[in-house]
Each structure stands twice: as structure tokens, then as C-alpha cells.
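Coordinates in review
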Amino acid sequence: MKYDKAIEFADRAIDCIKEAYPAYLIKAETFFALGKTDDALDAINTMLDYNSLNTQAYHAVGNTYYKLHKYLDAVEYYNRALDIEPSYEKSIIAKISSLYYSKRYTACLNFALEYENKVD
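Residues numbered from 1 in each chain as written. Predicted model: local features only at pLDDT ≥ 70, side-chain atom pairs only at ≥ 80, totals over all residues. Heavy atoms only, no water.

**Quick notes on the packing of aromatic side chains**
Which entries qualify depends on this criterion: Any two of the Phe, Tyr and Trp rings considered here, Trp counted by its six-membered ring, make a pair once their centres fall within 6.5 Å; the pair's planes then place it as stacked at under 30 degrees, edge-to-face at over 60, or tilted in between. By the criteria applied, helices consist of DSSP H or I runs no shorter than four residues and strands consist of E runs no shorter than two, each listed in order from the N terminus. Relative accessibility decides the category of a residue: with a 1.4 Å probe and only protein chains considered, values under 20% of the type maximum give buried, values over 50% give exposed, and everything between is partly exposed.
One pass over the structure, following the stated rule, counts ten aromatic pairs. Between the aromatic rings of Tyr24 and Tyr50, the centroid separation amounts to 6.3 Å while the plane-to-plane angle is 25°, which identifies the pairing as stacked. With Tyr24 in helix α2 (residues 21-33) and Tyr50 in helix α3 (residues 37-50), the pair connects residues that are 26 residues apart, well separated along the chain. Ring geometry for Tyr66 versus Tyr101: centroids 6.4 Å apart, planes at 75°, classification edge-to-face. In this pair, Tyr66 sits in helix α4 (residues 55-67) while Tyr101 sits in helix α6 (residues 89-101), placing the two residues 35 residues apart along the sequence. Judged by its relative accessible area of 47%, Tyr101 falls in the partly exposed class. One aromatic cluster is present, formed by Tyr66, Tyr71, Tyr100, Tyr101 and Tyr105 through successive ring pairs.

And the structure:
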């Protein structure tokens, strides 16, 4: 029942503001929790259609995958965020963490060293 309410309220927010990427993420995370992966991916893809140049939106999708322990999927979205804004520190740190937890140690170290002098 609470899942239905979460989706309902997210849909209300989306009806008001189509670019409201947090509402799409609530829907996606709710669908993932229900095991409805296709619906979750649809919510994410729709959100990105409205936010195709929004660094924070891509970062947030990466965080969604990170929470699901899908680290390589998370890296893909952190990369997209960094394509838009190469010095977005949150995505840099999250990508390092995702590479580490996916046991891509060499890639993790190389990426960290690459960005070591680019951000504070």
C-alpha cells in the first residue's frame, strides 16, 4: 500500500513539473523495490528525456544503481554526469567508490589519480 502511495505522489509531482527528476527517482526506486525492473527503467529513461543535460539527474540515477549494488551501472551514469560537467566532484567520488566496490581496482586507482589534481 505504501508503494502505491509513493508512486501516486511521484506522479502528482511529475504532473506539476515534468523536469522534477527526484519524483522520477522515487518512482524508479519504488518499482525496483517491487521487482518491476522494466517500469523502473521506464521511469529513469523518461526522467532523462526531460533532463538530458542535467548533471545532477545523471548523478542521481547513478546513486540509485549504487544503492542496488549495481556498481558498473552506476559508473555508466556517473560517466554521463561527468561528460556534462567534468569537474562534478560528487560524481567523481561516487565513480571511484563504484569502481572500488565492483573490484575494478586498477580502473579505480587510474581514475582517482587522473582526477587527483583536477578537483579539491
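Anyway, onward from the coordinates.
**A word on unusual backbone geometry**
Although it is not a glycine, His69 sits at a positive phi angle of roughly 65°. Along the polypeptide, His69 turns up in the loop between α4 and α5 (71-84). Here Lys103, not a glycine, exhibits a phi torsion of approximately 65°, which is positive. On the secondary structure map, Lys103 appears in the loop between α6 and α7 (105-115). A residue is classified by how much of its surface remains accessible, and Lys103, at 60% relative accessible area, is exposed.

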